[in-house]
Amino acid sequence: MLWAPVAFGLGAAGYLELKAEPSWALLVGATLGLAVLAGLIGRRATRGLPVFLALATLLAAGALAGKVRSHAVAAPILSGERAVMTIDGFVVDVVSPGAGGPRLLIAPVSISRLAPEDTPKRVRVTVEAEDIVAPGQAIRLRAMLGPPPPPAAPGAYDFARDAWFHGVGGVGFAIGQTRPVALDPPPWRLRAAMAVNALRWRLASRIVRDMGVERGGIAAAMVTGHEAWITQDQTDAMRASGLAHILSISGLHMAIVGGFAFGLVRLLIAAWPWAALRVPGKKVAALAGLAAVGTYLAVSGAPPPALRAAITATVAFAAILFDRQAITLHGLAIAALVILLVQPESAGAPGFQMSFAATAALVALAEAWPRPVREISTPWWIRAIQGGTGWLAVSIGASFVAGMATGPFAMQHFNRVAVWGLPANLAVAPLSSFVIMPFLALGAALEPFGLGAPFLAVAGWGIAAMMGIAQAFAGLGGAQHVVASGPPFTLALAFVGLMLLCLWRGRLRWLGAPLALAVALWPRPTPPDVWIAPDGSTAAVRQGGEAVLLRPDARRFGAELWGRRRGLVVPESAAPSLLYACDRRSCAPTARAPVALALSWSKTAPDFTDLAAMCGQAEIVVLRGAAAAVPPACRDRIVLDADDFAAGGAAELYRRGDEWWIVWAQPLRGVRPWSGAARG
C-alpha cells in the first residue's frame, strides 16, 4: 500500500513526459492485461512477483489516468502570434501576479476574430493595478492575446502544459482600461465559483484595509491566496531566507487551521464537565477540524496545493472518526492516491512533489521518533526544561528532514538554495503556528461581523516579526545560492531514493541515501554558450559564470529562468552590456563579445543589404522576423529567423571546437495536446 501512490504517480509523470500521445488501446490494454495477470498469478507465485505485477499495474493505471484527465480538460487554445483582440466576459478571479503585474482570470463569452468553437474556456490577462476588477463582474477589454507560453529554454518547465490542465487557452496583457458590459447570465457553476471568489476578494480587501498594505498584503495571501498586495522586496526576502513557502496556502496552513480548530473544540468540551462525560470529544473535535479545513479551502480559492493539503487533512480527521491513528504513512498513501486520481497532472507539479516528499519524510520521522518516558513526581522546572529541550529537538529534526526531502526538487525546479533556511524556519515556526495563523483564522472568521480587528492586529505583530526575521537572514552573506539543474533522470532517482528512506523497513532503506543525493552530486555539463528566446526577440550569451543579456529589459523572466537553470548569475540591473552595441532594433557584437552574435528584434527582418552587413559582423545572426532571402555573405553563418523559432521554440547553442550545436525546445516537448505541434 505504501508504494501504490509512488507507482501510480510515476506512471502519471511518465505520461506527461512522453514525446507522443499514447493511444487509448495501448494504455487500457496494458492496465487491464497487467491487472488480469496479477490476479491470475497472485495466489500461486511467491510474494515478490505479485507485488511487482501490482506495482506495474498501478504504473500503467497512472499513465491511463493522465490521459483520461488530459482528454477531460481539453479546450480550445489560441494559435499563432499574439494579436489585439476584444474580450467580453466575466472576471472569474484575481490570480497571483506575474512578472508584468496583477492578472485577471476571465471566462470569455466572446473574443473578436474567434468563432465560438475556437474561443478558449479561460484567458489570463495582465492589467494595471488600478484596473483590477472584482470577481463576478462582466467586463469588456482590449488585450494583446496569444497562446500560453512555451518553455523558456529547452527542457525547462512547460507553462503551456500547466495552462492546459487549468483550462487556460490564452494569455496576454490589457491595452487600455476595462469597461463594464451587459452580458447574459453565466452558467450556475460559474456563478457559484465567482460568488465564492468575490467573497474571498472582499475579505482580502478588508484585511488589507484594517492591517495596512505592508502587513495586510501578506495576511491576505495567507488567508485567501490573493498575492496582489505583496511587494517584490517582501517576496525576495522570503525567498532568500527560505520562508517563501509560508506565503502560499499549503499543508502548513491547513495543518495549523485544522489543528487549531481540533484543539480548541476538544479543550472546550474537556473544560465543560457535563459535555466531557457525555460527548465523544475527540470525534466532535475531528468534525470541527473537517469543517475548518473545508471552510479554509473555499476561502483560499482551492488552489492545487491547498486542495492537496485539504485531502490529506480530511484523511487524517476521518481516521479519528473511525478510531484509527490519524497520522500514518498508510493514511498519507491513501491521501496521495486520492489526489493523483483526481489530478494526475499533479505528479509533474513541483508543489505536489515537494509536499508529498516532505510529508512522507515527516511522518516517517514521527513513526521512528522515540517516545519519552513520563516520569512521576518530577519538579515543574525540570519538566519545563525537558519539554523545551524536546520541542527544540523535534523542531530541528523536523525542519532538517523536511529541508532535505524538498532540497532535490528545489534545486531541480527553482535552482535556489537558501543557506539559512533551517534557522529561519526554526525562528518563524512558533510565530506562524501559535500567533499568525490562529489569530488570522479568528480575525478572518469575525471580520464580516466587524469584530476581527483585535485578532488581526495580533496577527499583524506576528507578521511584522516574521518579516524582520526574513530580512535579517536574507541580508546575511551568501544567503542564497544558484544551483544548476541536473539531468532530468536525477530527479527521478532522488525521488525513489527518498521513498526508500521513508517507506522501506530495515537496513536496506539506507540504499536510498546515495540515490536521494543524485540531483546534488551528479556532475553538471558545461552550460550552453548562447540562449535565444522562443520568439527570437532576445538572447543571452555566457561569459564565464555569468549570463550577458543583449536586451536586459525584454523577456527578462525567461532569461533569468534560463540563467538559473544553467547555474549562471544574471545581473540584477537592466543596464545594457558594453559587449554589444545596440540601437532601437538590433544589437551587434563588439570586439570584446564572448560570442559574435547579432540580433534583430524587429518583426520585419532586415533587408538584403542590412542582413549582409550583420553576417559580416557575426557568426550567429538571430532574426525575429522571417528573412525573404539569405545573401551570399551569410552562407557560412548560422542564420535563425522566425520560421526556425516557430518550428523549434527556444534554443540553446553549444560551441564544439569550430562548430556549433543547436538544441531546440519544441522537439523535447513532442507532439502533445498542449504543444504547438499538436495544434498544427
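Now for a description of the structure that goes with this document.

1. A word on the overall build of the chain
And step 1. A tally of helices and strands in the chain yields 23 helices and 17 strands.
And step 2. Its C-alpha radius of gyration of 27 Å places the chain within 12% of the 26 Å reference for a compact globule of 680 residues.
And step 3. By its C-alpha atoms, the chain is 95 × 65 × 55 Å across when sized along the principal axes.
And step 4. Out of the 680 residues belonging to the chain, those deemed buried represent 46%.
And step 5. Counting contacts in the chain only where the partners sit at least 6 residues apart, residues at least 24 apart contribute 65% of the total.
And step 6. Accessible area of the chain: about 32,900 Å², with a carbon and sulfur share of 64%.
And step 7. Distance between charge centroids for the chain: 11 Å, based on 57 positive and 40 negative side chains.

2. Description of the side chain of Thr-224
And step 1. Within the fold, Thr-224 resides in helix H6 (residues 213-224).
And step 2. Polar side-chain contacts of Thr-224 include one of 2.7 Å to the backbone oxygen of Ala-220.
And step 3. At 3.3 Å, the side chain of Thr-224 forms a polar contact with the backbone nitrogen of His-226.
And step 4. Excluding residues within four positions of it along the chain, Thr-224 makes contact with Arg-200, Leu-203, Ala-204, Ile-249, Val-299, Ser-300 and Gly-301.

3. Comments concerning the sheet that holds strand E1 (residues 83-98)
And step 1. Taken together, the five strands give a closed barrel; going around it, the order is E1-E2-E3-E5-E4, and neighbouring strands pair in mixed fashion. Put simply, the sheet's adjacent strands are angled 55 degrees from each other on average, direction ignored.
And step 2. The sheet contact formed by E1 and strand E4 (residues 138-146) spans eight bridges and is antiparallel. The residue bridging Ile-87 from the neighbouring strand is Leu-141, located in E4.

4. Remarks on the sheet that holds strand E9 (residues 539-543)
And step 1. Taken in spatial order, the five strands make up an open sheet running E10-E9-E8-E16-E17, and their pairing is antiparallel. Two strands bound the open sheet, and with one partner strand each, they are strand E10 (546-549) and strand E17 (659-664). Direction aside, neighbouring strands of the sheet carry axes that sit 25 degrees apart on average.
And step 2. Relative to strand E16 (residues 651-656), strand E8 (residues 530-532) is paired through three bridges, and the arrangement is antiparallel. Bridge pairing links Val-530 to Leu-653 in E16.

5. What to know about the state of the cysteines
And step 1. For the coordinates displayed, the defined rule picks out two disulfides.
And step 2. Paired through a disulfide, Cys-582 and Cys-587 show a sulfur-sulfur distance of 1.9 Å. Here the disulfide of Cys-582 and Cys-587 is right-handed, its torsion about the S-S bond being about 110 degrees.
And step 3. The partly exposed category is assigned to Cys-582, whose relative accessible area is 37%.

6. Looking at the packing of helix H2 (residues 24-41) against helix H3 (residues 48-72)
And step 1. Packing of H2 against H3 brings their axes to within 9 Å, and their N-to-C directions diverge by 155 degrees. The pairing of H2 with H3 is recorded here as roughly antiparallel in orientation. H3 is crossed by H2, and the crossing has left-handed handedness. Contact with H2, carried on its side by Trp-24, Leu-27, Val-28, Ala-30, Thr-31, Leu-34, Ala-35, Leu-37, Ala-38 and Ile-41, involves Leu-49, Leu-53, Ala-54, Ala-56, Thr-57, Ala-60, Ala-61, Ala-63, Leu-64, Lys-67, Val-68 and His-71 of H3 and no other residues of that element.

7. A word on the packing of aromatic side chains
And step 1. Summed over the entire model, instances satisfying the criterion amount to 15 aromatic pairs.
And step 2. Ring geometry for Phe-352 versus Phe-356: centroids 5.8 Å apart, planes at 15 degrees, classification stacked. Placement of the pair is Phe-352 and Phe-356 together in helix H13 (residues 350-368), with a separation of four residues, close to one helical turn.
And step 3. In this structure Phe-352 comes out as buried when scored by relative accessible area, which is 7%.
And step 4. Given the relative accessible area of 9%, Phe-356 is considered buried.
And step 5. Judged by centre distance (5.9 Å) and plane angle (65 degrees), the ring pair of Phe-645 and Trp-664 falls under edge-to-face. Here the residue Phe-645 occupies a position in helix H22 (residues 642-648), and Trp-664 occupies one in strand E17, the gap between them amounting to 19 residues.
And step 6. For Phe-645, a relative accessible area of 4% puts it in the buried group.
And step 7. A connected cluster of aromatic rings, assembled from ring pairs, spans Tyr-15, Phe-165 and Trp-674.

The rules behind these values
- Residues numbered from 1 in each chain as written.
- Predicted model: local features only at pLDDT ≥ 70, side-chain atom pairs only at ≥ 80, totals over all residues.
- Heavy atoms only, no water.
- Helix = DSSP H or I, 4+ residues; strand = E, 2+ residues; numbered from the N terminus.
- Rg over C-alpha atoms; globule rule 2.2 N^0.38 Å.
- Buried < 20%, exposed > 50% of the residue type's maximum accessible area, 1.4 Å probe, protein only.
- Contact = heavy atoms within 4.5 Å.
- Areas by Shrake-Rupley, 256 points an atom, 1.4 Å probe, with all protein chains shown as cover.
- Lys, Arg positive; Asp, Glu negative; His and termini not counted.
- Charge placed at Lys NZ, Arg CZ, Asp CG, Glu CD.
- Polar contact = N/O pair within 3.5 Å; in protein donor to acceptor, adjacent residues only side chain to side chain.
- Pairing = 2+ DSSP bridges.
- Axes fitted to C-alpha atoms, helices over the stretch in contact; angles between N-to-C directions.
- Disulfide = S-S within 2.5 Å.
- Parallel < 35°, antiparallel > 145°, perpendicular 65-115°, else oblique.
- Left-handed = near helix turned anticlockwise from the far one by under 90°.
- Phe/Tyr/Trp six-rings, centres within 6.5 Å; stacked < 30°, edge-to-face > 60°.

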